[in-house]
Amino acid sequence: MVAKQNLALQPHFIYGLKPSTTHNVHFASNECIIYPAGGVLVLHSLQDPRSQKYIHLHNKLKPINAICISPKKDVVACAEGGGSPQVSLYSTSNLQYFASLEIPSDSSAQDIACLQFSCDGQLIIVITTEPDWMLFCYNVASKTLDSKTRANMAAQPHVPVKQVACNPSDAATLALVGPDLFRLLQLVDGSWRQFGFYKAQNYPLSSVAWLTSDRILAGTDDGRLLLIESNELRAVFRAYGLQKVSLPSKNENSRNWEESIPRASKEKVTSVVAFKKGFLVGFGEPCQVARFTLEPGQTYLLKTTYSPKPGASRAVWSLAVSPDCSTLACSTEEAQLFQAKLSGASEIEPMHPFGEPLHLGPVVGLSVCVWRSIFVTCGAQDATVRVWNYDTGKQELLRKFDTPPVSVSVHPLGLYTLVLFKECVCLMSIELDDLEMIRTAAAADCIDVQFSPGGDLFAVVYANKVDIVSIVSFVSKLSLSGHCARVESAAWSQDGTKLVTCGADGAIYTWDSATGERLEEMVTKGSHFLGVSTVGRGKTSFLMKGDASVQVIQSNKVERIVKSDIKNLEFTVTTVIRNDRTLLVGSRCGSLIAYALPFNDDGLISAFCCIHSAPITKIVASYDCSIIFTCSEDGSICILKLEDNFANYDEKSIGSVEKVLIGRKNLRDLRDLNNTLSSRLQYQQKEKNDALEYQEMVFTKGTVEMRELKERDEAEMRREMELMKSGHDKELREQMKRFEDFLGQHETTVAKMDNLYQEKLIVQYKKVERLENQLQLQERKYEQLMKDICEKSDLEMRLIQDKQAEISSLLQKQIEELLDERERTKLEHEEVVRSIEFDADKEIIELKTRHETAVRQQVDLLERTQGQLQSAKKKMSGNQEVIMEFEQRIEILQAEIDQLKSTVASLEQFIAEQKKLMERNNIILENKEKDLMSTKRQVEELIKDKANISLHLDLMTRHIEPKEAIIREKTQEIEQLTNELKVERSLRAQLEVEMANLQSQIKQNQKQATLEKTKHRDTLRDIQRIRARVHQLGGVLQQPRRLAEVAAALYSDYGRERDSLEDEHPEEALLELKRQVETLQALNDSLVKKLRIQDEVHRGEKNALKRECISLMKQLNSLQQMRIEQKVPEAGVETQPD
């Protein structure tokens, strides 16, 4: 029972998120999201991140497996597992629990896998886990079970169900997905029947969403998307990098192309959510959300890709869209929340963190600062230390470590914090942007660390002992040993003079923090104390046991034992806040209990608040005792407000500490040390003054010697300067003469090379002209021969046509022979041309190489001259260094003179009696000063001479640089000309290949002409033989028998073949002969035209080469003129120094 006291614990803010809950984020309205954290459901405003509302869970001891919200956003359903699963229903309007839906007792399921409201909100579908994997359909209004069936296939009893999705327009239709599982179920007459596509082998399905009433999109763990329409699988896509989702035609088979889609386990689809304008796809790695919008033609196009900052999170866990489809909410596997606007037009949009970065896993350390509004936490799983500001609600710092921290404690001033690891203790400075390591100390098997109230000491709790360490020296001052078992807890008194420890051995010890003496002790055998806290100066202690009991200890006696009347309650941690009026105790179920001190007669609980769902690990309070901070193993941090109407305490009543980092004794020691140091400084100053006076006396004695040395050094310097100046002038003159000689030699060599190059170009030009004339003569001869041959062939063809059909073949042979002769002549001509061109190219290359070698020699000479100039410059720099040394000596002497003047001025009173001697000395000094002024003037003149020399060198370099630039430009032009020559050679090679092809064709034609000639010769021979036989017939005309025999023999020898030819088709043979002759004539004409065109092209190329040669000659002439013109300014430059 809870006593009626003026104590109240009100949750103010909670940091946390349960990553193990499926679909752990939803929109309760357009401006509010709901998610589980600790032992509550948090309704968090998007407009005001500091505004939270809470729905306290009905059964806080059971884990939440899944949550869902009704379509009207008025009811939230939580699936609670852990032995006897059930579904609890909560109202979002009054934030109260109103009903439970229990799983039937005949079910052996231990947890609930997923749940979903129907489209009208009247039904809720619940899927239980192994071993039976059942589907239960409940009526929300009547809170009764309507129907049930098996969720997975009977043939696959061990396949899990990952998600259920209800049809957006039909409340009696739903889809179930899992690894190798896809089922479409419909409620007909109170029973569920399967229909449509169900062959989902090799599809590790993990998420599903209804895009429309007949279109489903399902995601897999290997990064694929399945599109089911009209109860049939229509398409399979690779999700990551997908730009367009469109339906294939009905004739296409999805099995043909789905096998080519690659699979990737890292790019798994973790969540699919549909909304009015399209759908969202969440990925595992990389952490991204893709937004697809519906376009005309029933296609979905990728519009935007949302992703957090690199390293912010690893995988998307759950997605939610606001009712107005304007905002996206996302939770990740690292228990982080993000939000983004769905109206973004760019292709890539960032996801902004919602709220502050949260802990992943148990929060094991918590400490609040006394003088600043900050508190520090540390996480065991995420290995981070975080600094929070509870006034602003912001997380100021975050640092991640390689090893997980065990505990943390912040200094009362808020400038430092202790971070405890299992092997060491680290002192860190709380900077503006990071935690900076200051000191570390080795340790082993550490459990806890706590700063003393003054901050000058801290206690490190080990397995069976406690060490008290100084924050200044970071060395252990005291080692408190005496426990026989594990030390469970330690607590400082408010003044910091005592430390109380308790352990698993049932012992409680009170130690003096200054001497390490054990002031009080009490051992209860068989007891196991879990926590201890003290009141005031440590006179009263409160011991906590695991059986929900608290013992009050005073003067080594148990004054009272208070037990809680709540069943199955186990305490884990305890603390007494600073006003000594409230005892706070945390339990294993996550509830926070407050007792008013002193205890009332009944020992009833004064305030009770269940905000966590796992054991509370730490409880601390602010300095004004109005804010309570708790952390838990569920990864949540809660800030509560404590209302105590009778807490009218005064800060003066709280004991003050004697030490805050530095004590009074240390301050006195520092004052004494300061006094001794000041006395030592005065003594040293006196000694220094005496030493200075002695040095002045010695200095006055040495002034005369110094003046003499100064005069000697000045004379030596003058002599050396004169010698250096004369030597430098001589070197400059010699260098100028060498440079002039080199330029003259260079110009003469260049002129000679130009003349030679021009002469060779003229010779080559004349050779080219001769070759062109020879080519023209040969072409004319060839044309005349071709004309004669054509005329002869025409005459012969006419005779053959008149006489016999076979004469045409003889003419063709003659034409082929003529073509062969023409090809031979042409080949000879080409060989002559090639030889001429090859000789010309050789000569040009030789000229070019000679010219390049000459240019290289000139460049080498220029580089040598430059090296000589650089050596001269180095000599000049060496002379300058010598001059600088003399100037430094002069400055030293001037400084010494100034010191002498000061000493003379200070000792005028002391030398009043010797004024006459001093006047003489003053006259001498004035003369010396005049000498010094004259030396200064000489030095200035030398500096001016130096400046003139440097100007002269600059002018010389300026005149040389443009010449070098001109030479570079000319070399570049020569390179361009060589490149152009290479291109022209390649063109010539192509033309030669074409000429070779044409020559091969001409050879073939000539062969045909030779064949025709041979045939013609054979026909002529036959005709002559026939004539001879005919003459023989004339002699045998009077002998008829003999005449018949001779005629028969003649017919047998010459008449059979001809008769057969004449009998068959004489007219067609004549026509074929005519056609062949015409084709040969056409080929001949085309070859002649090609030869003429190629000759014209060669003439154009030769003319271009002539023009280029003329342009090169002009450029060479212009270069010669430029070099001749440059002689005049160089002569002017040489006369300038004189």
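Going by the structure above, here's the rest.
Calculation criteria
- Residues numbered from 1 in each chain as written.
- Predicted model: local features only at pLDDT ≥ 70, side-chain atom pairs only at ≥ 80, totals over all residues.
- Heavy atoms only, no water.
- Helix = DSSP H or I, 4+ residues; strand = E, 2+ residues; numbered from the N terminus.
- Contact = heavy atoms within 4.5 Å.
- Areas by Shrake-Rupley, 256 points an atom, 1.4 Å probe, with all protein chains shown as cover.
- Pairing = 2+ DSSP bridges.
- Axes fitted to C-alpha atoms, helices over the stretch in contact; angles between N-to-C directions.
- Core = buried A, V, L, I, M, F, W, Y, C linked by side-chain atoms within 4.5 Å.
- Buried < 20%, exposed > 50% of the residue type's maximum accessible area, 1.4 Å probe, protein only.
- Polar contact = N/O pair within 3.5 Å; in protein donor to acceptor, adjacent residues only side chain to side chain.

Undergrad: What should I look at first to understand the overall build of the protein in this one?
TA: Per the secondary structure count, the protein includes six helices and 58 strands. Considering only intrachain contacts with a sequence separation of at least 6, the fraction spanning at least 24 residues in the protein is 52%. Here the protein has roughly 61,700 Å² of accessible surface; of this, 51% comes from carbon and sulfur atoms.

Undergrad: Help me out: how do you make sense of the sheet that holds strand β32 (residues 363–368) in this one?
TA: Through backbone hydrogen bonds, the strands of a sheet pair up, either in parallel or in antiparallel fashion. Pairing in this open sheet of four strands is antiparallel, and the strands run β32-β33-β34-β35 from one edge to the other. This sheet does not close on itself; its edge strands, each paired only once, are β32 and β35 (394–400). For this sheet, the mean angle separating the axes of adjacent strands, direction not counted, is 15°. When β32 meets strand β33 (residues 374–379), the two strands line up antiparallel, connected through five bridges. Its bridge partner lying in β33, S367 is registered against V376.

Undergrad: Quick question: what am I supposed to make of the nonpolar core here?
TA: A general tendency of soluble globular proteins is for nonpolar side chains to be buried together. Counting residues in each nonpolar core, the largest one holds 51 residues, and the members touching the most others are L9, I33, F375, L592, I628 and F629. In contact with I33, other than residues within four places in its own chain, are V25, H26, F27, A28, V42, L43, H44, L46, A329, L337 and F354. If you look at the next biggest cluster of nonpolar residues, it comprises 19 residues, including L101, M134, Y138 and V140.

Undergrad: How do you make sense of unusual backbone geometry when you look at a structure like this?
TA: Only a minority of non-glycine residues have a phi that is not negative, and only a minority of peptide bonds are not trans. With omega at 10°, the peptide bond leading from E130 into P131 counts as cis. You can see P131 is positioned in the loop between β11 (123–128) and β12 (134–139). The phi dihedral of A335 falls on the positive side, at around 60°, and the residue is not glycine. Position of A335 relative to the elements: it lies in the loop between β28 (327–332) and β29 (337–341).

Undergrad: Help me understand the environment of T501, please; the structure alone is not making it clear to me.
TA: With respect to the helices and strands, T501 occurs in strand β45 (residues 498–503). Overall, T501 belongs to the buried group, its relative accessible area being 1%. Taking the C-alpha atoms as reference points, T501 and V487, 14 residues apart in sequence, are found 7.1 Å from one another. Those residues in contact with T501 that sit more than four places away from it in its chain are V466, H483, V487, S489, A490, A507, I508, Y509 and W511. Here H483 takes part through its side chain, which lies 2.9 Å from a polar atom of the side chain of T501.

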